[in-house]
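Here is what each chain is made of, one letter per residue.
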Amino acid sequence: MPEVVPSNYLKHQVLGDSLFIGLNAFKLPYNLVVFNIKKQEFVKRISIDPNFFKNEIESFYAVSLDSIFFNSFSGKSIYLINSDGQKIKEWDVEKMEGPRYPGENGFFFSFSIYPNIFYDKTKKKLLLTISDNRFHEEPGFSQLPKLLVLDLESDEIEGFWIPPFGRMKSRGEQFFPDDLYGIQMAIVGDFLYISTAYDDLVLKCSLNDGKILNSGVPIEMNELFSPLTKEEKADNSKLWDYRVKMPFFEDLSFHESLGIFSRIFHHEVTNPSDMQTRKSTIVTFDQNLNLLETFDFQGDDQIGIWKNTKLTDGILMGVPEEKQISEDLLNHYRYLRFVLD
């Protein structure tokens with residue numbers, strides 16, 4: 001009998017514009033599932049022995065099928081596995097030499113729908129988004145870093161980079177929903193591009209030391225919500241209403257074969273009882289943060305939330321689950337290719 005695997009994945013990556021790797025932590029918590037998107041067929045399931053790490057997989061980054069980094073919830077280790085799920089190496093951050101985290105409460109690897117692990121093959125640096133253990137109380141003007149950088153050539157901590165910026169910083173004593181605090185990131189040559197889900201500002205930083213070199217707003221989205229007060233965030237009904245209606249950006253993606261970036265912006269939900277009316281806009285911009293084009297999607301062309309994966313020349317998109325053709329087919333199947341004039 002053919003193997004039964006999920007059709008939808010919250011964490012996903014595409015290798016070589018052909019192999020889709022997905023993590024569905026609810027249905028297959030210790031497994032990465034691989035599909036060939038060109039042939040529209042299942043390839044394999046990578047089962048990982050849960051005995052060598054704590055809790056469930058939080059995020060992963062595949063350099064190749066035989067070189068996949070991942071971390072788990074509530075842990076301080078990063079693991080490298082092969083295509084059979086066998087552990088190649090483990091890094092315990094708390095035992096590594098190098099600078100120490102400057103916050104007195106310690107840190108954890110940020111929860112994020114999109115991957116929070118990034119690897120630069122040239123410099124052999126592993127970058128992970130982090131949050132302070134008391135981030136619920138951390139003011140926006142705090143200088144605590146949001147990025148951990150590991151040097152895998154020396155197996156040492158290189159540093160803690162990127163303090164609060166943009167709307168993360170200007171929020172002061174107010175807050176955004178907890179699941180959106182992880183920063184979004186793309187590595188391009190010697191540069192690091194960074195933003196957040198609730199900001200139209202993008203930073204261009206040095207990959208050598210994390211210093212900000214440039215910043216810009218490729219497209220201004222005035223409908224972005226103001227942050228919540230502490231009292232509003234503590235009110236579950238107000239927090240839920242805010243989160244459901246909230247406009248936000250999906251991941252920051254760089255398309256290597258074209259040399260451009262894209263972001264998907266999901267507009268405010270005006271009628272939470274009918275999510276199918278939500279409009280989404282794909283924004284493309286160049287490496288100097290200048291706007292190139294925008295593409296709107298709504299109605300029959302609606303884009304699924306958190307179901308979109310970057311390709312070297314476009315985006316592999318999924319549809320909302322209520323519009324899914326079949327549970328037996330991978331729901332990440334629509335291909336949007338960017339064409340430059």
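Structure report, in brief.

Each value, and the rule that gives it
- Residues numbered from 1 in each chain as written.
- Predicted model: local features only at pLDDT ≥ 70, side-chain atom pairs only at ≥ 80, totals over all residues.
- Heavy atoms only, no water.
- Core = buried A, V, L, I, M, F, W, Y, C linked by side-chain atoms within 4.5 Å.
- Buried < 20%, exposed > 50% of the residue type's maximum accessible area, 1.4 Å probe, protein only.
- Helix = DSSP H or I, 4+ residues; strand = E, 2+ residues; numbered from the N terminus.
- Pairing = 2+ DSSP bridges.
- Salt bridge = Lys/Arg side-chain N within 4 Å of Asp/Glu carboxyl O.
- Contact = heavy atoms within 4.5 Å.

To continue, consider the nonpolar core. Core analysis: the biggest nonpolar cluster contains 31 residues, and Leu 127, Leu 147, Phe 165, Leu 192 and Ile 194 have the highest contact counts within it. Listed by contribution, the elements that provide at least two residues to this core are strand E12 (147–151), strand E15 (191–195) and strand E16 (202–206). The next biggest cluster of nonpolar side chains, apart from the first, holds 20 residues, and it includes Met 96, Tyr 119, Leu 126 and Leu 128.

Attention now moves to the pairing of strand E1 (residues 11–15). Counting buried positions along E1 yields five of five residues, so the element is predominantly enclosed. Sheet analysis places E1 next to strand E2 (residues 19–23), joined by five bridges and oriented antiparallel. Bridging across to E2, Leu 15 finds its partner in Leu 19. Counting the residues between successive antiparallel strands, the hairpin from E1 to E2 contains three residues, one of them, Gly 16, with a positive phi of roughly 55°.

The subject of this paragraph is the pattern of salt bridges. Following the criterion strictly, the structure yields 16 salt bridges and no others. Notably, a salt bridge pairs Arg 134 with Glu 137, separated by 2.8 Å at the nearest N-O pair. With relative accessibility at 40%, the residue Arg 134 sits in the partly exposed group. Ionic pairing is found between Asp 313 and Arg 337, a salt bridge with its closest N-O pair at 3.3 Å. You can see Asp 313 sitting in the loop between strand E22 (309–310) and strand E23 (314–318) and its partner Arg 337 sitting in strand E24 (residues 332–337), a full 24 residues away along the chain.

This next bit is on helix H3 (residues 236–245). All of the buried residues in H3 are Tyr 242, Arg 243 and Val 244. In this structure, the buried residues of H3 make contact with strand E18 (248–255).

Turning our eyes to something else, we now look at the environment of Arg 171. Residue position: Arg 171 is located in the loop between helix H1 (166–170) and strand E14 (184–188). Exposure remark for Arg 171: the relative accessible area of 6% places this residue in the buried category. When the C-alpha positions of Arg 171 and Thr 229 are compared, they lie 9.5 Å apart, and in sequence the two are 58 residues distant. Other than its neighbours up to four places away in sequence, Arg 171 contacts Glu 138, Pro 139, Gly 140, Phe 176, Tyr 181 and Pro 227.

By the element assignment, Thr 129 lies in strand E11 (residues 125–132). With a relative accessible area of 1%, Thr 129 lands in the buried category. Contacts of Thr 129, omitting those with residues within four sequence positions, involve Phe 108, Phe 109, Ser 110, Asn 116, Phe 118, Lys 146, Leu 147, Ile 183 and Met 185.

Let us look at unusual backbone geometry. Its identity as a non-glycine residue notwithstanding, Ser 74 has a phi of 65°, on the positive side. Structurally, Ser 74 can be placed in the loop between strand E6 (67–72) and strand E7 (77–81). Of note in the backbone geometry, Leu 289 takes a positive phi value of approximately 70° without being a glycine. You can see Leu 289 is positioned in the loop between strand E20 (280–285) and strand E21 (291–297).

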